[in-house]
Amino acid sequence: MDSKLVARVGAAVFVGLAFAMTLVQMREEPATRPNSMPVAWVPDGDPLSLKIKACAEMGELALSSPDCRAAWAEKRRRFLGVDHPEAYSGLVDPAPPDAPGLPVPSPVGEQRGEN
């Protein structure tokens, strides 16, 4: 058998299958849509979500606001499921521990070569 003939027969079979699959898809009835619209979740009057939204609209000013920090701490507490209130308080920045043995940066005027 000639290779050109085999290629033509293969192409004809492929086109025939594609045409048949298209006809089957066109004959199927479209899927019915549900009549009821999905309901979006609406907060149940929790003031925390309103406070978080207000803090988000404040921008960088919210970083220094104790009310916003407390609201974020409460949201973290609820999300992480922390039982004790002092965890993730967010109200007080902990001081970094002193690390002995590490070099302490000198003030700008006391750097080497600037006397």
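Note that the coordinates shown come from a computational prediction; the quantities given were computed from them, not determined experimentally.

Visitor: Before we move on, can you summarise the overall build of the protein with the specific residues and values?
Guide: On a plain count of helices and strands, the protein comes out with three helices and zero strands. Tracing the protein from N to C terminus, the helices and strands come up as α-α-α. With 115 residues in all, the protein has 10% of them scored as buried. Put simply, the protein shows about 10900 Å² of open surface, and 63% of that area lies on carbon and sulfur atoms.

Visitor: Summarise the state of the cysteines; cite the residues concerned and give the values.
Guide: Per the counting criterion, the structure on display carries one disulfide. There is a disulfide in this structure between Cys 55 and Cys 68, and the S-S distance comes to 2.1 Å. Around the S-S axis, the bridge from Cys 55 to Cys 68 shows a dihedral of about -95° and counts as left-handed. In this pair, Cys 55 is assigned in helix 2 (residues 47-58) and Cys 68 in helix 3 (residues 66-80), connecting sequence segments 13 residues apart. Cys 68 shares its class with Cys 55; the two are buried.

Visitor: Account for the pattern of salt bridges, with residues named and values stated.
Guide: Between side chains of opposite charge, a pair can form as their charged atoms come close. The final tally for this structure, using the stated rule, is two salt bridges. For Glu 74, the salt bridge goes to Arg 77, with nearest N and O atoms at 2.6 Å. Taken as a pair, Glu 74 and Arg 77 lie in helix 3 at a separation of three residues, close to a single helical turn. Ionic pairing is found between Arg 78 and Glu 74, a salt bridge with its closest N-O pair at 3.0 Å. In this pair, Arg 78 and Glu 74 both sit in helix 3, four residues apart, roughly one turn of the helix. For Glu 74, a relative accessible area of 24% corresponds to the partly exposed category.

Visitor: Tell me about helix 2, and name the residues and values.
Guide: Residue pairs spaced three or four apart in an α-helix point in one direction, given the helix's 3.6 residues per turn. The end-to-end C-alpha distance of helix 2 is 17 Å, a good match for the 16 Å that twelve residues give at a rise of 1.5 Å each. All of the buried residues in helix 2 are Leu 48, Ile 52 and Cys 55. Looking straight down helix 2, one finds that the buried residues subtend no more than 65° of arc, so they occupy a single side. Residues Pro 47, Leu 50, Lys 53 and Glu 57 are exposed on helix 2 and point more than 90 degrees away from its buried face. Packing partners of the buried residues in helix 2 comprise helix 3. Looking one or two residues beyond helix 2, the residue adopting positive phi is Gly 59, at roughly 80°.

Visitor: How would you explain a nonpolar patch on the surface if you had to name every residue and give the values?
Guide: On the surface, a cluster of nonpolar side chains totalling about 350 Å² of accessible area is made up of Leu 5, Val 9, Val 13 and Leu 17. Looking at the element boundaries, Val 13 is found in helix 1 (residues 3-27). Given the relative accessible area of 47%, Val 13 is considered partly exposed.

Visitor: I'd like a description of the packing of helix 2 against helix 3, backed by residues and values.
Guide: Packing of helix 2 against helix 3 brings their axes to within 9 Å, and their N-to-C directions diverge by 130°. It follows that helix 2 is oblique to helix 3 by the angle criterion. Helix 3 is crossed by helix 2, and the crossing has left-handed handedness. Mapping the contact onto sequence places Leu 48, Lys 51, Ile 52, Cys 55 and Met 58 in helix 2 and Asp 67, Cys 68, Ala 71, Trp 72, Glu 74, Lys 75 and Arg 78 in helix 3. The residue makeup of the contact of helix 2 with helix 3, split by class, is seven nonpolar, no polar and five charged.

Analysis parameters
- Residues numbered from 1 in each chain as written.
- Predicted model: local features only at pLDDT ≥ 70, side-chain atom pairs only at ≥ 80, totals over all residues.
- Heavy atoms only, no water.
- Helix = DSSP H or I, 4+ residues; strand = E, 2+ residues; numbered from the N terminus.
- Buried < 20%, exposed > 50% of the residue type's maximum accessible area, 1.4 Å probe, protein only.
- Areas by Shrake-Rupley, 256 points an atom, 1.4 Å probe, with all protein chains shown as cover.
- Disulfide = S-S within 2.5 Å.
- Salt bridge = Lys/Arg side-chain N within 4 Å of Asp/Glu carboxyl O.
- Expected span 1.5 Å × (residues − 1).
- Arc of directions from axis to C-beta.
- Contact = heavy atoms within 4.5 Å.
- Patch = residues over 30% accessible without salt bridge, like charges linked within 9 Å, V, L, I, M, F, W, Y side chains within 5 Å.
- Axes fitted to C-alpha atoms, helices over the stretch in contact; angles between N-to-C directions.
- Parallel < 35°, antiparallel > 145°, perpendicular 65-115°, else oblique.
- Left-handed = near helix turned anticlockwise from the far one by under 90°.
- Nonpolar A, V, L, I, M, F, W, Y, C, P; charged D, E, K, R; others polar.

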